[in-house]
Amino acid sequence: VIRLETLCRFGRGYFTPDQITRMELVVLTHLTWLVNPPTAIAFAAHMILLLPSEKIDPGEREDLYESSRYLAELSVADSFFIDRALPSVTAFASILISLEECVTTLSSEAKTEYLQFVKRKTGISDRQTGNVMNAKNRLRLLKACNEE
């Protein structure tokens, strides 16, 4: 973190601390404070932590995270995910694929319960189900292309 006094020195005295503070507020306001939005990987990490620890082995949890992270990373290279899928939706789609593909001791009932819990906690609504499915299909396509 750069201190305000340091910024004033960088500006060679042309700007006062008050001017810098006010301009920073103007910039943040114009950006509507969206300066460091959470990424799909960050959402996936938090969603994976919601898995009940008594129902999944730590190694399996790590495998699910790594698989979900890989899929979320693939989304960065595709413009589809810029304007058609929120990072939370991309993360959820990557977790759905990972739960289908990774070998886990989670029962079908536990998976369903977990997915419903994540939807409630993250606010992913049934209305967004189409977005999740579109993201899931796109991630599958990206994964297939990347494996060739």
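For the structure, check the block above.
Residues numbered from 1 in each chain as written. Predicted model: local features only at pLDDT ≥ 70, side-chain atom pairs only at ≥ 80, totals over all residues. Heavy atoms only, no water.

### Focus: the packing of helix α3 (residues 40–49) against helix α6 (residues 87–101)
Next up, step 1: Between α3 and α6, the shortest axis-to-axis distance is 8 Å and the interhelical angle comes to 55°. Compared by their axis directions, α3 and α6 come out oblique. In this structure, α3 meets α6 at a crossing whose hand is right-handed. In contact with Ala40, Phe43, Ala44, Met47 and Ile48 of α3, α6 contributes Pro87, Ser88, Thr90, Ala91, Phe92, Ser94 and Ile95.
Next up, step 2: Its residues assigned to classes, the contact of α3 with α6 shows nine nonpolar, three polar and no charged. (Axes fitted to C-alpha atoms, helices over the stretch in contact; angles between N-to-C directions. Helix = DSSP H or I, 4+ residues; strand = E, 2+ residues; numbered from the N terminus. Parallel < 35°, antiparallel > 145°, perpendicular 65-115°, else oblique. Left-handed = near helix turned anticlockwise from the far one by under 90°. Contact = heavy atoms within 4.5 Å. Nonpolar A, V, L, I, M, F, W, Y, C, P; charged D, E, K, R; others polar.)

### Let's talk about the environment of glutamate 100
Next up, step 1: One can find glutamate 100 in helix α6.
Next up, step 2: Glutamate 100 sits in the partly exposed class, given a relative accessible area of 45%. (Buried < 20%, exposed > 50% of the residue type's maximum accessible area, 1.4 Å probe, protein only.)

### Topic: the layout of surface pockets
Take a probe with the size of a water molecule and roll it over the atoms, and the empty space left behind shows itself.
Next up, step 1: There is about 240 Å³ of room inside the largest pocket.
Next up, step 2: Taken together, 15 residues line the largest pocket, and the ones lying closest to its centre are Thr39, Ala40, Ser75, Val76 and Pro87.
Next up, step 3: Elements with a minimum of two residues in the lining of the largest pocket: α3, α4 (58–75), α5 (80–83) and α6. (1 Å grid on protein atoms, 1.4 Å probe; cavity = no way out; pocket = protein on both sides within 12 Å on 5 of 7 lines; lining within 4 Å. Points joined across faces, edges and corners; volume = space filled by probe spheres on them.)

### A closer look at the pattern of salt bridges
Next up, step 1: Summed over all chains, the structure comprises 11 salt bridges.
Next up, step 2: Where glutamate 66 meets arginine 69, a salt bridge forms, and the shortest distance between an N and an O atom there is 2.5 Å. Taken together, the residues glutamate 66 and arginine 69, both in helix α4 and three residues apart, mark about one turn of the helix.
Next up, step 3: According to the relative accessible area criterion, glutamate 66 is partly exposed, its value standing at 31%.
Next up, step 4: Arginine 140 is the salt-bridge partner of glutamate 101, the closest N and O atoms lying 3.2 Å from each other. Of the two residues, glutamate 101 is situated in helix α6 and arginine 140 in helix α8 (residues 129–147); the sequence distance between them amounts to 39 residues.
Next up, step 5: We classify glutamate 101 as partly exposed; its relative accessible area is 38%.
Next up, step 6: A single salt-bridge network, built from bridges that share partners, covers Glu100, Glu101, Lys136, Arg140, Lys143 and Glu147. (Salt bridge = Lys/Arg side-chain N within 4 Å of Asp/Glu carboxyl O.)

None of the figures reported here should be taken as evidence of function without further support.
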